Amino acid sequence: MALVEARQLTKVFRRPEKDPGLRGAVKHLFTRRFTDKVAVDQLDLAIEAGEAVAYVGPNGAGKSTTVKLLSGILVPTSGEVRIDGLSPRKDRVAVAHRIGVLFGQRTQLWWDLPVAESLAVLRDVYGIDHGTYRKRLKRFDEVLELGDVLPVLGRKLSLGQRMRADLAAALLHAPPVVYLDEPTIGLDLAVKDRVREFFRTVRDEGTTVMLTSHDLGDIEGFCRRLVIIDSGRIIFDGALEAVKDAFARERILNVEAETAVPVATLREVLPGATVEPGETPLQFAVRFDRFAMTAGQAVTAIAPLTNLVDFHVDEPSIEDVIRRVYSGELQLERDSA
Ligand SMILES: Nc1ncnc2c1ncn2[C@@H]1O[C@H](COP(=O)(O)OP(=O)(O)OP(=O)(O)O)[C@@H](O)[C@H]1O
């Protein structure tokens, strides 16, 4: 059985239809009208122990709602969730011990307590003994430099400090499953790098991770499996690498040459590639399929025609690919990972 399992999971939010202003509010009292928003729609998902899954989709696709359903924060309208075979609703405490959640957009720390005290409260809630607690704090300090943050009140934390403290809070009880919902949002690059490094350590220790992010830098090199959700439904579930191989094959070799070479001559020596003139007569770009040609072969073909002053190769990012999926330009086959 999978460690995390959702079967036909559905969440419908009922929203009041109100005209604006006081008048609208009064009218709503007498003529109550609602619209239903299906945020998560009959979702089937199984995550095995030790997997790191990227869960991505456009704004409003239903990612955070899924995370809230999988952690028991929200009750499904229909369908069910099992974490290690347990129901978040019926086995609330046991499930809470098995999962850690980080919401990048919202803190779980107490506003008016120093971080150290918030963590101590969580230590007692989870029944962590003092020795283990000290050991874990030491580790968080080593990787996340948590020491400086411990005496600071929740409300006084900078965003980077807050995220590091929240990560510690989410992982304090060493849960086997962790949901990270936009865990690097708003962080500067240095903190982002450190936090990403920390995720890799957590994954390498065998923790099952589901990561939701608009920043695909969080995903590359971290998650092997990619799940894409749109309008509450999964539209792709498969290997991230397979998506890259299928849709990010193109490479662009940008060249600056010592002397101008006619585009037609370049096309002759680069069959199968597309040659485009650049901004100056000395510059051009060669688009090629990385499975048909290597950048080295392209350079070797051009070299007898002119000296190369400079060249570099651009790769499409997985971000470009996924954006094209969102916009409906690419159709990915749903595949079983
Ligand atoms: N408490 C709520 N009440 C009513 N509608 C809600 C509620 N929470 C979410 N929704 C709606 O459900 C849909 C899915 O929202 P959700 O926050 O899960 O999307 P998301 O994929 O996490 O988006 P984002 O990337 O913008 O955070 C949206 O249309 C949202 O407006």
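Nothing here was measured: the structure is a model prediction, and the numbers come from that model.

Trainee: Just to check I follow, could you spell out the sheet that holds strand β11 (residues 274–277) for this structure?
Mentor: By way of backbone hydrogen bonds, the strands of a sheet pair with one another, either parallel or antiparallel. Strand order across the open sheet formed by 4 strands is β11-β12-β10-β13, with antiparallel pairing between neighbours. Looking at strand neighbours, the two that pair on one side only are β11 and β13 (308–314), the edges of this open sheet. Between one strand and the next, the sheet's axes are offset by a mean angle of 20°, whatever the strand orientation. In the sheet, strand β10 (residues 250–257) pairs with strand β12 (residues 283–289) via 7 bridges, with the strands oriented antiparallel. Note that in β12 the partner of Glu256 across the bridge is Gln283.

Trainee: What is the right way to read the packing of helix α4 (residues 115–126) against helix α6 (residues 159–171) from this model?
Mentor: Working note: a packed helix pair is described by the angle between its axes plus the distance between those axes. Viewed as axis vectors pointing N to C, α4 and α6 meet at an angle of 15°, and their least axial separation amounts to 10 Å. Considered as vectors, α4 and α6 are oriented roughly parallel to each other. With respect to the hand of their crossing, α4 and α6 are arranged in right-handed fashion. Contacts between α4 and α6 involve Val115, Ser118, Leu119 and Leu122 from the first element and Ala165, Ala168 and Ala169 from the second. Classifying every residue of the contact of α4 with α6 by side-chain character gives 6 nonpolar, 1 polar and no charged.

Trainee: I keep staring at the site of the ligand and nothing clicks. Help me out?
Mentor: Taken together, Phe13, Arg15, Lys37, Ala39, Gly57, Asn59, Gly60, Ala61, Gly62, Lys63, Ser64 and Thr65 make up the full set of residues near the ligand. In terms of residue count, helix α2 (residues 63–71) provides more of the shell around the ligand than any other element does, 3 residues in total. Split into classes, the residues belonging to the shell around the ligand amount to 3 nonpolar, 6 polar and 3 charged.

Trainee: I keep staring at unusual backbone geometry and nothing clicks. Help me out?
Mentor: Most peptide bonds are trans, and most residues other than glycine sit at a negative phi. Here the phi dihedral of Ala174 falls at roughly 50°; this positive angle occurs in a residue that is not glycine. If you trace the backbone, Ala174 turns up in the loop between α6 and β6 (177–181). Under the C-beta neighbour-count criterion, Ala174 is labelled partly exposed, with 15 such atoms within 10 Å.

Trainee: Help me understand the UniProt feature "domain: ABC transporter" (unreviewed entry) in the chain, please; the structure alone is not making it clear to me.
Mentor: Those places that UniProt annotates as "domain: ABC transporter" (unreviewed entry) correspond, in this numbering, to residues 24–256. A distance of 64 Å separates the end C-alpha atoms of residues 24–256, which is 37% helix and 26% strand.

Trainee: Explanation requested: the domain arrangement of the chain in the structure shown.
Mentor: Interface extent is often summarised as the accessible area lost during association of the parts. Domain boundaries in the chain define domain 1 (4–244) and domain 2 (249–315). For domain 1 versus domain 2, the separation of C-alpha centres amounts to 45 Å.

Trainee: Sorry if this is basic, but what is going on with the sheet that holds strand β2 (residues 34–47) here?
Mentor: Pairing in this open sheet of 3 strands is antiparallel, and the strands run β2-β1-β4 from one edge to the other. The open sheet terminates on both sides in strands that have one partner only, identified here as β2 and β4 (78–83). The mean angle between the axes of side-by-side strands here comes to 30°, regardless of whether they run parallel or antiparallel.

Trainee: Which parts of the structure should I look at to understand the packing of α6 against helix α7 (residues 189–204)?
Mentor: At a minimum axis distance of 10 Å, the contact between α6 and α7 shows a crossing angle of 10°. Comparing their axes, α7 and α6 come out roughly parallel. For the pair formed by α6 and α7, the contact residues are Gly160, Met163, Leu167 and Leu171 on the first element and Val191, Val195, Phe198 and Val202 on the second.

Trainee: What should I look at first to understand the pairing of strand β7 (residues 208–212) in this one?
Mentor: As a general feature of sheets, a regular strand has side chains that alternate between the two faces. Across the 5 residues of β7, 5 count as buried, placing the element largely inside the fold. Along β7, one buried face is formed by Thr208, Met210 and Thr212 and the opposite face, lined by Val209 and Leu211, is buried too. One ladder, built from 5 bridges, connects β6 with β7; its direction is parallel. Within β7, the residue paired with Val177 across the bridge is Thr208. Regarding the hand of the β-α-β motif, the stretch spanning β6, α7 and β7 is right-handed.

What counts and what doesn't
- Residues numbered from 1 in each chain as written.
- Predicted model: local features only at pLDDT ≥ 70, side-chain atom pairs only at ≥ 80, totals over all residues.
- Pairing = 2+ DSSP bridges.
- Helix = DSSP H or I, 4+ residues; strand = E, 2+ residues; numbered from the N terminus.
- Axes fitted to C-alpha atoms, helices over the stretch in contact; angles between N-to-C directions.
- Parallel < 35°, antiparallel > 145°, perpendicular 65-115°, else oblique.
- Left-handed = near helix turned anticlockwise from the far one by under 90°.
- Contact = placed C-beta atoms within 7 Å.
- Nonpolar A, V, L, I, M, F, W, Y, C, P; charged D, E, K, R; others polar.
- Near = placed C-beta within 6 Å.
- Buried ≥ 20, exposed ≤ 12 C-beta atoms within 10 Å, placed from the backbone.
- UniProt positions renumbered as here; feature names shortened; annotations may be inferred.
- Domains from an automatic or database assignment.
- Right-handed = clockwise from strand over helix to strand, strands pointing away.

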